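Residue strings, one per chain:
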Amino acid sequence: MSLARPRPPFRADHVGSLLRPPRLRAARAAHAAGRLGAGALRAIEDEEIIAAIAKQEAIGLRAATDGEFRRAYWHFDFLAGLDGVEMYEPEQKVAFKGATLPHALRVTDRITWRRPVMIEDFRFTAEHVGRAVAKQTIPSPSVLHFRGGRQAIDRAVYPELDGFFADLGTAYQDAVTAFAAAGCRYLQLDEVNIAYLCDPEQIEGLKRRGEHVEGLLEIYADLINRAIAGRPREMVVSMHLCRGNFRSTWIASGGYEPVAEVLFNRIDVDAYFMEYDSERAGGFAPLRFVPRGDKIVVLGLVTSKSGALESKDDLKRRIEEATRYLPLEQLALSPQCGFASTEEGNLLTEAEQWAKLELCVAVAEEVWGGL
């Protein structure tokens, strides 16, 4: 019997970002150096995105993204497009386990959605998919708060954080409405911070910085719900959770147990892409909190951090293990994160990337009888 899905997420899916092809990397570098105009860069981006969409469809994926080819970062490009938010280079940079992120965000004015950030990017993707569904990824609104916190939010603009969260939620609601109006029916919020709240070291870091930690998970849940409250019924909203992904490095550790009940029962998304490629993510037991019914958990069992290809048998065994806590009908398969959360990309080749996505498709067809 086939358990193929008529709507996203599909039994084999992927988080979104893809390794930047060499031609695109060269073009972006030339543009940054002033040797290539914006129009010429856009034309090269267009061509590479069309090729990436065709490749996704050719290997059997039923959802396709633009690979985030027009972005430098999975998060900053979108968030810095909101009025009141700017990107800058801080003295104290975000430290991964083996790498450092050079930029950060700060809030300098009231947050609003006025510019159509990434709307035309989505339209381009939608115009060039064939049988696949065009998927759009944006950072979760919690990203703007978690890393910089109170210190990165101008006190003259937001003396109290209640106003900050209210404006941020409204700005995101306007953004989601704009994507819906552009025809988006598959939107993903990339949410790393709820996964970070599973790590005692991250919690202590927030406390040392003077953040109010109690109730933060619930604040983020309400913020996300506000962001997606006005979406049309036919729009699927997924949430991707991971513990950091920059040049194949990471930030946080810890299983989902501390956040699972709120994550699965208080946040009104339709699906969860969940990192499960290493012991740092813990076991599947927190999946017992997922309500039985329509919500889907996409198991991120295939790592995007290295080129070593997982075995089909190992993936099938882990999927079977997950069914102890959630029925097979509510599960799907994907890589644990994107392959290039930033334009530098993870430490594997394009051939290895595509082999991993092909593996997801092959395993899904064998386990669920279709995609």
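Here the structure is a predicted model, which is why all the values come from computation and not from measurement. (Residues numbered from 1 in each chain as written. Predicted model: local features only at pLDDT ≥ 70, side-chain atom pairs only at ≥ 80, totals over all residues. Heavy atoms only, no water.)

(A) Spotlight on the overall build of the chain. A count of helical and extended segments in the chain gives 12 helices and 12 strands. Against the compact-globule benchmark of 21 Å for 371 residues, the chain has a radius of gyration of 19 Å, which places it among compact chains. Judged by the C-alpha coordinates and their principal axes, the chain covers about 60 × 50 × 40 Å. Going through the 371 residues of the chain one by one, you find that 58% of them count as buried. Look at the contacts in the chain between residues 6 or more apart in sequence, and 80% of them connect residues 24 or more apart. Accessible surface for the chain amounts to roughly 14,600 Å². Of this, 49% is attributable to carbon and sulfur atoms. One finds the centroid of the 46 positive side-chain charges in the chain at a distance of 1 Å from the centroid of its 53 negative side-chain charges. (Helix = DSSP H or I, 4+ residues; strand = E, 2+ residues; numbered from the N terminus. Rg over C-alpha atoms; globule rule 2.2 N^0.38 Å. Buried < 20%, exposed > 50% of the residue type's maximum accessible area, 1.4 Å probe, protein only. Contact = heavy atoms within 4.5 Å. Areas by Shrake-Rupley, 256 points an atom, 1.4 Å probe, with all protein chains shown as cover. Lys, Arg positive; Asp, Glu negative; His and termini not counted. Charge placed at Lys NZ, Arg CZ, Asp CG, Glu CD.)

(B) How the structure looks around the sheet that holds strand β9 (residues 236-241). Taken in spatial order, the 6 strands make up an open sheet running β7-β8-β9-β10-β11-β12, and their pairing is parallel. Among the strands making up the open sheet, the edge pair consists of β7 (136-139) and β12 (331-335). Pairs of neighbouring strands in the sheet enclose a mean axial angle of 25°, with direction left out of account. When strand β11 (residues 296-302) meets β12, the two strands line up parallel, connected through 5 bridges. (Pairing = 2+ DSSP bridges. Axes fitted to C-alpha atoms, helices over the stretch in contact; angles between N-to-C directions.)

(C) Representation of helix α6 (residues 161-181) in the model. The first and last C-alpha atoms of α6 sit 30 Å apart over 21 residues, in line with the 30 Å expected at 1.5 Å per residue. For α6, every residue scored as buried is listed here: F164, F165, D167, L168, G169, A171, Y172, A175, V176, F179 and A180. In the segment just after α6, G183 is the residue with positive phi, at about 100°. (Expected span 1.5 Å × (residues − 1).)

(D) Here's a closer look at the packing of aromatic side chains. All chains considered together, the criterion is met by 9 aromatic pairs. Cluster of aromatic residues (ring-pair linked, three or more members): F78, W113 and Y172. One residue, R70, lies across the ring of F124, its end atom 5.0 Å from the ring centre. Lying across the ring of Y88, R106 places its NZ or CZ 4.0 Å from the centre. (Phe/Tyr/Trp six-rings, centres within 6.5 Å; stacked < 30°, edge-to-face > 60°. Lys NZ or Arg CZ within 6 Å of the ring centre and 35° of its normal.)

(E) Up close: the environment of V361. Here V361 lies in helix α12 (residues 350-368). Expressed as a C-alpha distance, the spacing of V361 and A12, which sit 349 residues apart in the sequence, is 5.2 Å. Discounting residues that sit within four places of it in the chain, V361 has contacts with A12, I59, G60, L61 and L371.

(F) Looking closely at α12. Under the 1.5 Å per step criterion, the end-to-end length of α12 is 27 Å for 19 residues, consistent within 8% with the ideal 27 Å. Listing the buried residues of α12 in full gives Q353, W354, K356, L357, L359, C360, V361, V363, A364 and W368. Those residues of α12 that are buried lie in contact with α2 (38-58), β11, α11 (312-322) and β12. After α12 finishes, the residue G369 shows a positive phi value of roughly 75°.

(G) How the structure looks around the packing of helix α1 (residues 22-32) against α2. Two elements in contact, α1 and α2, have axes separated by 10 Å at closest approach and are oriented at 165°. Looking at the two axes, α1 sits roughly antiparallel to α2. Note on packing geometry: the crossing formed by α1 with α2 is left-handed. Contacts between α1 and α2 involve R23, L24, A27, R28 and H31 from the first element and A38, L41, I44, E45, E47 and E48 from the second. Residue composition of the contact of α1 with α2, by class: 5 nonpolar, 1 polar and 5 charged. (Parallel < 35°, antiparallel > 145°, perpendicular 65-115°, else oblique. Left-handed = near helix turned anticlockwise from the far one by under 90°. Nonpolar A, V, L, I, M, F, W, Y, C, P; charged D, E, K, R; others polar.)

(H) Fine view of the pattern of salt bridges. With the rule as written, the count across this model stands at 25 salt bridges. The partner of K207 in a salt bridge is E204, with the nearest N and O atoms 3.7 Å apart. Of this pair, K207 and E204 are both found in helix α8 (residues 200-208), 3 residues apart, which corresponds to roughly one turn of the helix. With a relative accessible area of 43%, K207 lands in the partly exposed category. (Salt bridge = Lys/Arg side-chain N within 4 Å of Asp/Glu carboxyl O.)

(I) A look at the environment of G149. Structurally, G149 is set in the loop between α5 (143-146) and α6. Classification of G149 as buried rests on a relative accessible area of 0%. Separated by 25 residues in the primary sequence, G149 and D174 place their C-alpha atoms 23 Å from one another. Ignoring sequence-local partners within four residues, the contact set of G149 consists of R209 and E211.

(J) Up close: the state of the cysteines. Tallied over the full model, the rule gives 0 disulfides. Looking at C360, it has no disulfide partner, and the nearest cysteine sulfur is the one in C337, 13 Å off. By relative accessible area, which is 0% here, C360 ends up buried. (Disulfide = S-S within 2.5 Å.)

(K) Spotlight on the nonpolar core. In this structure, F78, I111, L263, M274, L287, V297 and L299 are the most contacted members of the largest nonpolar core, which totals 113 residues. Residues contacting I111, with those up to four places away along its chain left out, are L82, D83, V85, L144, Y158, F164, D167, L168 and A171. One finds F10, V236, A271 and I296 within the second-largest nonpolar core, a separate group that totals 10 residues. (Core = buried A, V, L, I, M, F, W, Y, C linked by side-chain atoms within 4.5 Å.)

(L) Broad picture of the pairing of β9. Taking burial as the measure, the 6 residues of β9 include 6 buried ones, the bulk of the element. Residues V236, S238 and H240 line one face of β9 and the alternating positions V237, M239 and L241 line the opposite face, and both faces are buried. With 6 bridges connecting them, strand β8 (residues 186-191) and β9 associate as parallel partners. Bridged to L189 within β9 is M239.

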